[in-house]
Amino acid sequence: MAETTKIKTIGVLTSGGDAPGMNAAIRAVVRHGLSKGMKVYGIYRGYTGLMEEDIKEMRAGDVSDTIEKGGTILKTARCKEMRTPEGIARAVEVCHKYGIEGLVVIGGDGSYRGAEKLANEGINVIGVPGTIDLDIACTEYTIGFDTAVNTAMEAIDKVRDTSSSHERCSIIEVMGRAAGYIALWCGIANGAEDIILPEKYDYDEQKLIDNIIDNKRRGKTHHIIINAEGVGHSASMARRIEAATGIETRATILGYMQRGGSPTCKDRVYASTMGCIAVDLLAQGKTKRVVSYSNGAFRDYDINEGLAMTKNIDEYQIEIARSLSHNYYKSEALADGREA
């Protein structure tokens, strides 16, 4: 049965922090929209570009050879004006000027709040979760997380090599803002001795110091600590640990390298799927929805419902990290004073 497309002109923008896979989502919105007979506008530099009319009509060729690229071809920015009635009014005015009936917003929860305000003013808006932090409560997957966590994992493997060679303690700080998902996943994947999560850290540094000293006593020659951005202060922490233990301690902050790079297969496929779903929702005349992935299926939620949800760090994964680390592996070898 042929689908009746209720919306003829749509726009797409990326907002907030960039994430690998955003280009796959943009490409999907453009090409899937064109396949439905829609006119598609690319809006550059997020909501800021919308207000400044930094807008271009997109053709299929405009997104050729972009799926493998990191970052976002539409650029991105954070826009304080979207928090004001005047900013919202200007954004709505521009949408009407260009005939944009539907808007796909690729970004995090801050971007969704702007989208929700536009929807209240009559613009059909669909949110697509794009953030490496994995901190959007209504979805188990966000565009960019898979690439970012693999980038961090590979970097930590390299730091471990030199940490082992020099018999050091290494504190490696990963991104994630106030969320500890990258830190937790890397802690498990890299076999870290300690993981510091903003959701769980009690700021008892003596526990870290005791673990390092106990491990050295058992014959452990190096120690890896994964520290989440939401805790931070890795350099000063390293100085204090070195002073307390006498063990050379170095801090490595991975930083923005985690945002870049060619997206993984998962980020390309899932982002493409989410972009197409967003277009389908607009074609059905739906608005104020956010695309999500949970329980093995893609679905959509009301934006307000999605923003109201809460997300907690997985307690079982934390227990796994503890049970698999050197500190918590209780065995006869450790009981005998031998290294496991």
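Residues numbered from 1 in each chain as written. Predicted model: local features only at pLDDT ≥ 70, side-chain atom pairs only at ≥ 80, totals over all residues. Heavy atoms only, no water.

This part is about the side chain of His32. In this structure, His32 sits in helix 1 (residues 22–35). A distance of 2.8 Å separates a polar atom in the side chain of His32 from a polar atom in the side chain of Asp280. Setting aside residues up to four positions removed in sequence, His32 forms contacts with Cys276, Val279 and Asp280. (Helix = DSSP H or I, 4+ residues; strand = E, 2+ residues; numbered from the N terminus. Polar contact = N/O pair within 3.5 Å; in protein donor to acceptor, adjacent residues only side chain to side chain. Contact = heavy atoms within 4.5 Å.)

Let's shift gears to the layout of surface pockets. The volume enclosed by the largest pocket comes to roughly 460 Å³. The wall of the largest pocket is formed by 24 residues, among which Ser15, Gly16, Arg78, Gly110 and Ser111 lie closest to the centre. At six residues, the largest contribution of residues to the lining of the largest pocket is made by helix 4 (residues 109–120). (1 Å grid on protein atoms, 1.4 Å probe; cavity = no way out; pocket = protein on both sides within 12 Å on 5 of 7 lines; lining within 4 Å. Points joined across faces, edges and corners; volume = space filled by probe spheres on them.)

Another point: the confidence of the model for the chain. When pLDDT is averaged along the chain, the result is 92; 94% of the residues meet or exceed 70. Long-range and interchain partners of residues 329–335, a stretch whose pLDDT sits below 50, account for eleven contacts in this model, where long-range means more than four residues apart. (pLDDT = per-residue confidence, 0-100.)

Judged by pairing direction, the sheet is parallel, and its four strands sit side by side in the order 7-8-6-9 without closing on themselves. Among the strands making up the open sheet, the edge pair consists of strand 7 (194–196) and strand 9 (249–253). Averaged over all neighbouring strand pairs, the angle between strand axes comes to 20 degrees, with direction disregarded. Inspection of the sheet shows strand 7 paired to strand 8 (residues 223–228) by three bridges, in the parallel sense. Note on strand 8: the bridge partner recorded for Asp194 is Ile225. Against the sheet, helix 8 (residues 234–245) engages strand 6 (169–174), strand 7, strand 8 and strand 9, with an angle of about 170 degrees to strand 9. (Pairing = 2+ DSSP bridges. Axes fitted to C-alpha atoms, helices over the stretch in contact; angles between N-to-C directions.)

Right, let's get into the packing of helix 1 against helix 9 (residues 265–283). Running from N to C, helix 1 and helix 9 cross one another at 40 degrees; their axes reach a closest spacing of 7 Å. What the angle tells us is that helix 1 and helix 9 run oblique. Classified by chirality, the crossing of helix 9 by helix 1 is right-handed. On helix 9, the residues touching Ala24, Ala25, Ala28, Val29, His32 and Gly33 of helix 1 are Arg268, Ala271, Ser272, Gly275, Cys276, Val279 and Asp280. For the contact of helix 1 with helix 9, a count of residues per class yields seven nonpolar, four polar and two charged. (Parallel < 35°, antiparallel > 145°, perpendicular 65-115°, else oblique. Left-handed = near helix turned anticlockwise from the far one by under 90°. Nonpolar A, V, L, I, M, F, W, Y, C, P; charged D, E, K, R; others polar.)

Located in the positive-phi region is Arg45, a residue other than glycine, with phi close to 65 degrees. Mapping Arg45 onto the fold places it in the loop between strand 2 (39–43) and helix 2 (46–51). A relative accessible area of 28% places Arg45 in the partly exposed class. If you check the backbone angles, Lys288 has positive phi at about 60 degrees while not being a glycine. Along the chain, the position of Lys288 falls in the loop between helix 9 and strand 10 (289–294). (Buried < 20%, exposed > 50% of the residue type's maximum accessible area, 1.4 Å probe, protein only.)

Scanning all chains against the criterion turns up seven aromatic pairs. On the basis of an interplanar angle of 90 degrees and a centroid distance of 5.0 Å, the ring pair of Phe145 and Trp185 is categorised as edge-to-face. Of this pair, Phe145 sits in helix 5 (residues 145–166) while Trp185 sits in helix 6 (residues 181–189), and the two are 40 residues apart along the sequence. Given the relative accessible area of 5%, Phe145 is considered buried. Each ring, one from Tyr293 and one from Phe298, has its centre 4.8 Å from the other, and the planes form 65 degrees; the classification is edge-to-face. Tyr293 gets classed as buried once you look at its relative accessible area, which sits at 16%. (Phe/Tyr/Trp six-rings, centres within 6.5 Å; stacked < 30°, edge-to-face > 60°.)

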